[in-house]
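Summary of the model geometry
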2 protein chains.
Amino acid sequence: MQKNFTDRLCSAQKKIGSLVCVGLDPDLSKIPHCHMKKFHSTHEAVIAFNQSIIRATAPFACAFKLNVAFYENLGEYGFSVLQATLNAIPHDKIQIIDAKRGDIGNTASQYASSIFELLNADGCTVAPYMGSDAVKPFLAYSGRIAFVLIRTSNPSGDQLQSLMVDQQPLYQHVARLAYSWGEQSPGSVGFVVGATNPEELKILRNKYPTVPFLIPGIGVQGGYLDVVAKVSTPEGPVLVNNSRGILYASSEQDFETMSAQAAKELRDLLNNAIKHHAH
Amino acid sequence: MQKNFTDRLCSAQKKIGSLVCVGLDPDLSKIPHCHMKKFHSTHEAVIAFNQSIIRATAPFACAFKLNVAFYENLGEYGFSVLQATLNAIPHDKIQIIDAKRGDIGNTASQYASSIFELLNADGCTVAPYMGSDAVKPFLAYSGRIAFVLIRTSNPSGDQLQSLMVDQQPLYQHVARLAYSWGEQSPGSVGFVVGATNPEELKILRNKYPTVPFLIPGIGVQGGYLDVVAKVSTPEGPVLVNNSRGILYASSEQDFETMSAQAAKELRDLLNNAIKHHAH
């Protein structure tokens, strides 16, 4: 039987000493022009760009996250670029498909099968608005994880997530629900929690000490390294994602070196914050 | 400038005298075996199946809705099957991409561009949990529509959507928010509202008399034809979707005839309910 996701995440993190997840979101308007012009076709250029970034950042990252929007926009080549990118990721890294899926039973099963069978990813992101019907099909895959959107870091995240239900913001009810959906297959539910509100991160970690957190919003979107360090525990691992800050660290020839440096910098900042917190 | 979505929907409905939207969700385990075995490859078989269903049901349907989960699961051929299916839909029909997208600004723009530029669809479905950031990029396309999930017909839809916020269920707050997001580009926001709760449908129609409703849950999922008839008004059109009930009306050689009959039956039931309501 496949190992629990949390165990695999922890060993990937330990091996490399890093919580960093690199977001592979190939935006054609941002990939360095000097790279693009070396290729005859867009899809070959994107695959080669992703391969370069993976090679350069792998020493500093325990995981890679692919946002499917950027692949779908490549049209008929989208799927093969997605697959080629996953194939380029070393086997000891965690692979997350960021698709924020949310549809009912029958359709959710199709999505889960695409992500966990066809693409063989380790984890994915899912949206909670349709309730457990939309999430449970993802929890049937042993050793995998579905990160449920709980509290997102975007400016309008508040509009729904902070509505008060029984004197508690909605996102806390969603956390409670999502946690309960995973109770029959322990370790199968994670939370997506933005790093923009440190209090909220702490509340969620206190209530759910063993749930893995996927934390976007570090870097370009701002965030709070020291709070992330506080909520990262041996039982409750966190995965800290940065996409643009690492991927587009430079628009020149030196992009690989600069991406590696950006990933290393984030790894070191997080590790220092954790060390500081331990003292 | 392109005509408003509502005007185009109304003329598609008037032309054919039907509110029926046929859901093209090709499930490999349900497509008649006698059809599949005529083809060498799965993707050719699926394209041909969709073409047959479109040909058979077009006289009774004003719109077609493609749920992308079923296409993604076809892997590298998914996009071309999706595109070939859209190409087979007559130009005077409405084309909806059911993807329930929900991601933030940058990524939402990629999704919107895939759906409205690359695939050139008329409408799509979007999820509200991340707030306006996730929806607004879709509203920038003139003449198109984003149907926001408001009240879904699946059993666990209640878990979030019925939580009480200020003495009103969450879905009503979401409706209010979604409506407000569309105010700057009138006609750009529609609601997805299941037909399983007639009271809720009536409440939403009374509050939002001009918002187009996309109503799934008629047929296989049960539902209330007469209430749908009541909320279908000249200013506030409704689009009534059925997928499995029409698509898999027969698993034998006669599947085209049976699909056509199922679409015709739903059209007639709806039209009779509307006539009955008018008297």
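Here the structure is a predicted model, which means the values were calculated and not measured. (Residues numbered from 1 in each chain as written. Chains lettered and ligands numbered in written order. Predicted model: local features only at pLDDT ≥ 70, side-chain atom pairs only at ≥ 80, totals over all residues. Heavy atoms only, no water.)

1. Re the state of the cysteines
Enumeration according to the criterion identifies zero disulfides over all chains in this entry. Not part of a disulfide, Cys21 of chain A finds its nearest cysteine sulfur in Cys62 of chain A, a span of 6.7 Å. Judged by its relative accessible area of 0%, Cys21 of chain A falls in the buried class. No disulfide involves Cys10 of chain B; its sulfur sits 9.6 Å from the nearest other cysteine sulfur, which is in Cys62 of chain B. Relative accessible area serves as the criterion here: at 25%, Cys10 of chain B is assigned to the partly exposed category. (Disulfide = S-S within 2.5 Å. Buried < 20%, exposed > 50% of the residue type's maximum accessible area, 1.4 Å probe, protein only.)

2. Digging into the interface of chain A and chain B
Counting residues at the interface gives 53 residues for chain A, matched by 53 residues for chain B. Carbon and sulfur atoms supply 54% of the area buried between chain A and chain B, which totals about 4600 Å² over both sides. Counting across the chain A and chain B interface gives four salt bridges. Among the salt bridges present, the one from Lys100 of chain B reaches Asp103 of chain A, with a minimum N-O distance of 2.8 Å. Linking chain A with chain B are 30 residue pairs in polar contact (both at pLDDT 80 or more), by the criterion used here. At the level of secondary structure, the elements contributing two or more residues to the side of chain A that touches chain B comprise α4 (68-72), β3 (94-101), α6 (105-118), β5 (145-151), α8 (158-161), β6 (164-165) and α9 (170-181) of chain A. The greatest single-element share of the side of chain A that touches chain B, amounting to seven residues, is contributed by α6 of chain A. For the side of chain A that touches chain B, the per-class residue count stands at 23 nonpolar, 19 polar and 11 charged. (Contact = heavy atoms within 4.5 Å. Buried area = accessible area lost by both parts, 1.4 Å probe. Salt bridge = Lys/Arg side-chain N within 4 Å of Asp/Glu carboxyl O. Polar contact = N/O pair within 3.5 Å; in protein donor to acceptor, adjacent residues only side chain to side chain. Helix = DSSP H or I, 4+ residues; strand = E, 2+ residues; numbered from the N terminus. Nonpolar A, V, L, I, M, F, W, Y, C, P; charged D, E, K, R; others polar.)

3. Let's talk about the relation of the copies chain A and chain B
Expressed as a screw transformation, the operator carrying chain A onto chain B has a rotation angle of 180° and an axial translation of 0.0 Å, and the superposed copies differ by an RMSD of 0.0 Å. Accordingly, the operation relating the two chain copies is best matched by a two-fold axis. Taking C-alpha positions as reference, the residue of chain A nearest the rotation axis is Val165 of chain A, located at 2.6 Å. The overlap is high: 100% of the interface residues of chain A also sit at the interface in chain B, so the same surface is used on both sides. (Least-squares fit on C-alpha atoms with pLDDT ≥ 70 in both.)

4. Details of the pairing of strand β1 (residues 20-23) of chain A
On any regular strand, side chains alternate: one points to one face of the sheet, the next to the other face. Residues and elements named next belong to chain A. Side chains Val20 and Val22 project from β1 onto one buried face, and the interleaved Cys21 and Gly23 project onto a second face that is buried too. Sheet topology note: the β1/strand β10 (residues 238-242) ladder contains three bridges and is parallel. Its bridge partner being in β10, Val20 is matched across the sheet by Val240. Pairing between β1 and strand β2 (residues 63-67): three bridges, direction parallel. When the sheet's bridge partners are listed, Cys21 is paired in β2 with Ala63. (Pairing = 2+ DSSP bridges.)

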